[in-house]
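Listed below are the residues making up each chain.
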Amino acid sequence: MIELNLNRGKVVCFDLGGVLVKICRSWSDAAASGGVTLPSTIQPRTGLQALPEFDQYQAGTINVQQYLFALSEFLGISEEEAGWCHRGILLHTYEGIAELIGDLHRSRITTGCLSNTNTEHWHELTQTERFDVVGSLELKMASHEEHLEKPDAAIYSRYEERFQLSPEQVIFFDDSAANVVSATENGWAATQIDPFVDPAKQIRSRLMQLGVLPASAVA
């Protein structure tokens with residue numbers, strides 16, 4: 001049983017990619033990040049979810065071997081190179097996020113995350129020094145472990161059940177409009193974040209509006 005230390009009964013919950021962590025959003029960018037040269041037949045802006053198996057892997061319905069085989073076929077590269085592309089999706093924590101999470105914890109506010117992710121990324125995000133700020137979050141849930149993905153309403157209910165929360169307790173930040181709509185319909189106080197315009201500043205501003213962080217907490 002997780003012992004919660006709730007300030008004003010609230011939990012501040014985050015999506016990860018595009019909110020706390022900068023990610024590549026196309027396979028060409030992921031390949032460049034992973035040191036892989038793609039065939040010229042791959043369009044530069046081909047999004048990650050153009051590969052159906054990407055979502056299937058995040059939902060936990062296929063394993064890593066099936067996913068990497070599909071990715072290698074899709075991109076026209078070896079399975080080893082597909083693994084480098086996949087690892088290349090994760091870039092770094094956004095500037096100001098560590099200070100923001102530190103302010104929340106110093107204010108004794110419980111933090112968490114609800115992420116559409118996969119086994120390898122989840123381990124990297126939560127178990128390594130590279131993303132230690134993510135590892136410091138308290139109430140963590142990932143899609144592949146639950147076999148559910150946002151914006152499915154069931155995953156928000158699963159989060160509440162797992163951590164003994166009511167919808168009114170959760171303040172949520174996500175970069176996906178569909179996920180924010182679904183969370184709001186579930187009763188969460190959800191805010192959409194623009195991943196290209198200083199996410200930490202956006203989050204901090206909203207938390208100040210809600211009275212969760214005082215104006216004096218500006219980093």
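Residues numbered from 1 in each chain as written. Predicted model: local features only at pLDDT ≥ 70, side-chain atom pairs only at ≥ 80, totals over all residues. Heavy atoms only, no water.

Undergrad: Help me understand the packing of aromatic side chains in this model?
TA: The description of an aromatic ring pair uses the distance of the two centres, along with the angle that the planes make with each other. For the structure on display, the rule yields nine aromatic pairs. Taking the centre distance of 4.5 Å and the plane angle of 20 degrees together, the rings of Tyr57 and Tyr67 count as stacked. Placement of the pair is Tyr57 in helix H2 (residues 52–58) and Tyr67 in helix H3 (residues 64–75), with a sequence separation of ten residues. By relative accessible area, which is 0% here, Tyr67 ends up buried. With centroids separated by 5.1 Å and ring planes inclined at 80 degrees, the aromatic side chains of Tyr156 and Trp188 adopt a geometry described as edge-to-face. Pair noted here: Tyr156 is in helix H9 (residues 153–163) and Trp188 is in the loop between helix H10 (177–185) and strand S7 (189–192), with a separation of 32 residues, a long-range link. Given the relative accessible area of 3%, Trp188 is considered buried. (Phe/Tyr/Trp six-rings, centres within 6.5 Å; stacked < 30°, edge-to-face > 60°. Helix = DSSP H or I, 4+ residues; strand = E, 2+ residues; numbered from the N terminus. Buried < 20%, exposed > 50% of the residue type's maximum accessible area, 1.4 Å probe, protein only.)

Undergrad: Sorry if this is basic, but what is going on with the sheet that holds strand S6 (residues 170–174) here?
TA: The pairing of strands in a sheet happens through backbone hydrogen bonds and is either parallel or antiparallel. In spatial order, the strands read S5-S4-S1-S6-S7; together these five strands make up an open sheet with parallel pairing. Of all strands in the sheet, those bounded by a partner on one side alone are strand S5 (139–142) and S7. Neighbouring strand axes in the sheet, compared pairwise and without regard to direction, differ in orientation by 15 degrees on average. Where S6 lies against S7, four bridges are found, and the strand directions are parallel. The residue of S7 that forms the bridge with Ile171 is Ala189. The strands touched by H10 are S6 and S7; relative to S7, the strand with the most contacts, the crossing angle is about 165 degrees. (Pairing = 2+ DSSP bridges. Axes fitted to C-alpha atoms, helices over the stretch in contact; angles between N-to-C directions. Contact = heavy atoms within 4.5 Å.)

Undergrad: Is there a simple way to explain the environment of Arg130 in this structure?
TA: Examined against the element boundaries, Arg130 turns out to sit in the loop between helix H6 (119–127) and helix H7 (132–135). Arg130 sits 37 residues away from Thr93 along the chain, and the two C-alpha atoms are 8.5 Å apart. If we ignore the near neighbours within four places in the chain, the residues touching Arg130 are Leu90, Leu91, Thr93 and Glu124. A distance of 2.6 Å separates a polar side-chain atom of Arg130 from the backbone oxygen of Leu90. (Polar contact = N/O pair within 3.5 Å; in protein donor to acceptor, adjacent residues only side chain to side chain.)

Undergrad: Even after reading the chapter, I still don't get the nonpolar core, so can you show me in this structure?
TA: Most often, soluble globular proteins have nonpolar side chains that are buried together. Counting 29 residues, the largest nonpolar core has Phe14, Leu20, Ile97, Leu104, Phe173, Ile203 and Leu207 as its most contacted members. Elements with a minimum of two residues in this core: strand S1 (11–14), helix H5 (97–106), H6, H7, S6 and helix H11 (199–209). Residue contributions to this core peak at four residues, all from H5. Once you skip the residues sitting within four places of it in the chain, Leu20 turns out to touch Phe14, Asp15, His92, Thr93, Tyr94, Ile97, Leu137 and Ile203. Residues Val36, Ile42, Leu71 and Ile77 belong to the second largest nonpolar core, which totals 21 residues. (Core = buried A, V, L, I, M, F, W, Y, C linked by side-chain atoms within 4.5 Å.)

Undergrad: Would you mind going over helix H4 (residues 79–88) with me for this structure?
TA: Every α-helix carries 3.6 residues per turn, so stepping three or four residues along brings you back to the same face. Among the residues making up H4, those that are buried are Ala82, Gly83, Cys85, His86 and Gly88. Elements that come into contact with the buried residues of H4 comprise helix H1 (27–34), H2, H3, strand S3 (90–93) and H6.

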